[in-house]
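Spelled out, the chains give:
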Amino acid sequence: MKKLFLLTVVLTVLSIGKASAQYLVFWDGDMRFGLSAGVSLPFSTQPTFICEDSWGVNTSVVDDSYHHAAISPSFKLFYGMEKELSGDFAFGFQGWLGLVKNSWEVGIRDNSSKNVTTYSVKSSTVDVNEGIYLAYYLTDDFSLSLGGGLSEYIDFKGKASSITCDATGKELSSSENASSASSPFDLGFGFMLSLGATYNLSESFYVGATAIYQKSIFGSSTFNFDDTFFMDKLGNDAYYSNAPINAVQVLATIGFRW
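Conventions we followed
- Residues numbered from 1 in each chain as written.
- Predicted model: local features only at pLDDT ≥ 70, side-chain atom pairs only at ≥ 80, totals over all residues.
- Heavy atoms only, no water.
- Helix = DSSP H or I, 4+ residues; strand = E, 2+ residues; numbered from the N terminus.
- Buried < 20%, exposed > 50% of the residue type's maximum accessible area, 1.4 Å probe, protein only.
- Contact = heavy atoms within 4.5 Å.
- Areas by Shrake-Rupley, 256 points an atom, 1.4 Å probe, with all protein chains shown as cover.
- Salt bridge = Lys/Arg side-chain N within 4 Å of Asp/Glu carboxyl O.
- Core = buried A, V, L, I, M, F, W, Y, C linked by side-chain atoms within 4.5 Å.
- Pairing = 2+ DSSP bridges.
- Patch = residues over 30% accessible without salt bridge, like charges linked within 9 Å, V, L, I, M, F, W, Y side chains within 5 Å.
- Lys, Arg positive; Asp, Glu negative; His and termini not counted.
- Charge placed at Lys NZ, Arg CZ, Asp CG, Glu CD.
- 1 Å grid on protein atoms, 1.4 Å probe; cavity = no way out; pocket = protein on both sides within 12 Å on 5 of 7 lines; lining within 4 Å.
- Points joined across faces, edges and corners; volume = space filled by probe spheres on them.
- Nonpolar A, V, L, I, M, F, W, Y, C, P; charged D, E, K, R; others polar.

Asks: What is the right way to look at the overall build of the protein in this model?
Replies: What the protein contains, in helices and strands, is one helix and 16 strands. Relative to its full complement of 258 residues, the protein shows a buried share of 41%. Summarising the internal contacts of the protein: among those between residues at least 6 apart in sequence, 74% fall at separations of at least 24. Summing over all exposed atoms, the protein offers an accessible surface of approximately 13,500 Å²; the carbon and sulfur share of this is 63%.

Asks: Honestly, the pattern of salt bridges in this entry has me stumped. Any pointers?
Replies: Side chains that differ in charge, positive against negative, can pair when their charged atoms come close. With the rule as written, the count across this model stands at three salt bridges. Note that R257 is salt-bridged to D30, the shortest N-O span being 3.4 Å. With R257 in strand β16 (residues 246–257) and D30 in strand β1 (residues 30–42), this pair connects stretches of sequence that are 227 residues apart. Overall, R257 belongs to the buried group, its relative accessible area being 12%. Classification of D30 by relative accessible area gives partly exposed; the value is 28%.

Asks: Where do I start with the environment of L150 in this structure?
Replies: Summarising the element assignment, L150 is placed in strand β8 (residues 142–156). Overall, L150 belongs to the partly exposed group, its relative accessible area being 39%. Distance from L150 to N129, taken between C-alpha atoms, is 5.9 Å for residues 21 residues apart in sequence.

Asks: Mind showing me how you'd approach the nonpolar core here?
Replies: In this structure, F49, Y66, W104, V106, I108, Y119, V121, A160, A178, L234, A238 and Y240 together form the largest nonpolar core, which totals 12 residues. Among the secondary structure elements, those contributing two or more residues to this core are β6 (89–110), β7 (116–137) and β15 (238–241). Sort the elements by how many residues they give to this core and β6 lands first, with three residues. Once you skip the residues sitting within four places of it in the chain, L234 turns out to touch F49, V106, Y119, V121, A160, A178 and Y240. Counting six residues, the second largest nonpolar core, distinct from the first, contains F78, Y206, I212 and L251.

Asks: Whenever I open this one, the pairing of strand β13 (residues 205–219) confuses me. Can you help?
Replies: Walk down a regular strand and you will see the side chains alternate between the two sheet faces. Taken together, the 13 bridges between strand β12 (residues 185–200) and β13 define a ladder with antiparallel strand orientation. Bridge pairing in β13 links G190 to S216.

Asks: Just checking my understanding: could you explain a negative patch on the surface for this structure?
Replies: Together, E84, D88, D140, D141 and E203 make up a negatively charged patch on the protein surface. As for its position among the elements, D140 is in the loop between β7 and β8. The exposure class of D140 is exposed, given its relative accessible area of 72%.

Asks: So what exactly am I meant to see when it comes to the environment of L77 here?
Replies: For L77, the location among the structural elements is in strand β5 (residues 72–84). Looking at L77, the relative accessible area reads 37%, which means it is partly exposed. Taking the C-alpha atoms as reference points, L77 and G255, 178 residues apart in sequence, are found 9.7 Å from one another. Here L77 is in contact with F33, G34, L35, G95, W96 and L97, once residues within four sequence places are set aside.

Asks: Teacher, can you tell me more about unusual backbone geometry here?
Replies: Of all residues except glycine, most have a negative phi; of all peptide bonds, most are trans. The backbone of D64 shows a phi angle near 60°, a positive value even though the residue is not glycine. Inspection of the secondary structure assignment puts D64 in the loop between β3 (59–61) and β4 (67–68). The phi angle at K114 is positive, at roughly 70°, despite the residue not being glycine.

Asks: Please explain the layout of surface pockets as it appears in this structure.
Replies: By rolling a water-sized probe across the atoms, one finds the places where empty space is left. Taken as a whole, the largest pocket spans an internal volume of roughly 290 Å³. Looking at the lining of the largest pocket, the elements that each hand over two or more residues are β1, β5 and β6. Among the elements that line the lining of the largest pocket, the one with the most residues is β5, at three residues. When grouped by side-chain class, the residues that make up the lining of the largest pocket number four nonpolar, three polar and 10 charged.

Asks: What's the story with the pairing of strand β9 (residues 159–165) in this structure? I'm lost.
Replies: Of the two faces of β9, the one holding A160, S162 and T164 is buried and the one holding K159, S161, I163 and C165 is not buried anywhere. Pairing between β7 and β9: seven bridges, direction antiparallel. Following the sheet pairing, T117 is matched in β9 by T164. Relative to strand β10 (residues 171–175), β9 runs antiparallel, the two sharing four bridges. Among the inter-strand pairings, C165 is bridged to a residue of β10, identified as E171. Adjacent in sequence and paired antiparallel, β9 and β10 are bridged by five residues, among which G169 carries a positive phi angle near 95°.

Structure representation (structure tokens):
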């Protein structure tokens, strides 16, 4: 079942890429390429945690201890096409391929000693957002656009550091490498919606700003809750899998067109 799931995801991504390539061959509008940078604002959906009895030690997640960074940096390559329709309207294809840096922390309690270990996890996500859009030109060079399409991501294994404190808050130990890998990455896909503005600086260059809402429908991190195959391990105490990617990204783009 796991192999079938992974094969389905891979084939889906490859099919999307092939369809996009075929679309490029028959397109007779403007071509665009650019660099985008901005921020990602993730929703407060926490990872899935499974605590275990390890060497007779009973562990649990500390209530309300999970926190994630409210803003994460995002860097992407932009590729797109646009074709004039009737009047002031234009139709286009747009896509972003990029990297988002993530960070969060959680507390795991040793229920026997009452010691609490706080794990700080940092990871990287490579995501692809691509789809079609409709643009309306308010002037000859300035347009607003509304679009939608697909969103796919690969969320790579995080690196964790940890600090262990006793019940009084006194630090007992710390580690800069507290995570051991069970799964090298998570895969997921869903949909995206975009709202953008573009200004053509010249016949060859443009700048733009875009807000992207991405919602994951399915991810390997939530595949078969009773199995830790798709999970990472925090020390010897708990397994975790990152929640599917749900976020709003705000990006600024500068690029050229031909």
